[in-house]
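The chain contents come next:
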Amino acid sequence: MAGDREAFGGYGLGMNDDERRHLEALADQLDAHQGDDSDRAEKLSAEVRSKIDEGAHHGLSERLTEEAIAFENNHPELSAVIRRAAELLGGAGI
């Protein structure tokens, strides 16, 4: 894990395997989302997948928190999944 973070200058921007798996599962759930805001879910999924591919995830926790709030009223289950991912990354300093 430390090696991942050192690869990005030691700024805590790397991602361990657990974080990567969690974000991939989140992106899959966003892709499967149906509803009036499915475009929003698709855009967020693309952003999450892009961050996974880049390996640099600075600011993703904050972005996911914003989206969790946006989905909260109409899709509380999806909001909870997004929030858990944000908390996971936030706890890692990402």
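See the structure above.
Residues numbered from 1 in each chain as written. Predicted model: local features only at pLDDT ≥ 70, side-chain atom pairs only at ≥ 80, totals over all residues. Heavy atoms only, no water.

A.B. asks: What is the right way to read the overall build of the protein chain from this model?
C.D. replies: The secondary structure content of the protein chain amounts to 5 helices and 0 strands. When the helices and strands of the protein chain are listed from N to C terminus, the series reads α-α-α-α-α. Looking at the protein chain as a whole, 38% of its 94 residues qualify as buried. Within the protein chain, residue pairs in contact and separated by at least 24 positions form 58% of the contacts whose partners lie at least 6 positions apart. A total of about 5300 Å² of accessible surface is found on the protein chain, and carbon and sulfur atoms cover 46% of it. (Helix = DSSP H or I, 4+ residues; strand = E, 2+ residues; numbered from the N terminus. Buried < 20%, exposed > 50% of the residue type's maximum accessible area, 1.4 Å probe, protein only. Contact = heavy atoms within 4.5 Å. Areas by Shrake-Rupley, 256 points an atom, 1.4 Å probe, with all protein chains shown as cover.)

A.B. asks: Explanation requested: the pattern of salt bridges in the structure shown.
C.D. replies: Opposite charge on two side chains lets them pair, provided their charged atoms get close. Summed over the entire model, instances satisfying the criterion amount to 6 salt bridges. Overlapping salt bridges, with partners in common, bring together Arg 40, Glu 47, Arg 63 and Glu 67 in one network. (Salt bridge = Lys/Arg side-chain N within 4 Å of Asp/Glu carboxyl O.)

A.B. asks: Whenever I open this one, the side chain of Asp 37 confuses me. Can you help?
C.D. replies: With respect to the helices, strands and loops of the structure, Asp 37 is situated in the loop between α2 (17–32) and α3 (38–54). The buried charged residue Asp 37 lacks any salt bridge partner; its closest oppositely charged side chain belongs to Arg 40, at an N-O distance of 6.6 Å. Beyond its immediate sequence surroundings of up to four residues, Asp 37 is in contact with Phe 71 and His 75. (Lys, Arg positive; Asp, Glu negative; His and termini not counted.)

A.B. asks: Could you clarify how one ought to interpret the nonpolar core in this entry?
C.D. replies: Counting residues in hydrophobic clusters, the biggest one holds 19 residues, and the most contacted among them are Leu 23, Leu 26, Leu 30, Leu 44, Val 48, Leu 64 and Ile 82. Of all the elements in the fold, those that place two or more residues in this core are α2, α3, α4 (60–71) and α5 (76–91). In terms of residue count, the dominant contributor to this core is α5 (6 residues). Other than its neighbours up to four places away in sequence, Leu 64 contacts Leu 23, Leu 26, Leu 44, Val 48, Ile 82, Ala 85, Ala 86 and Leu 89. (Core = buried A, V, L, I, M, F, W, Y, C linked by side-chain atoms within 4.5 Å.)

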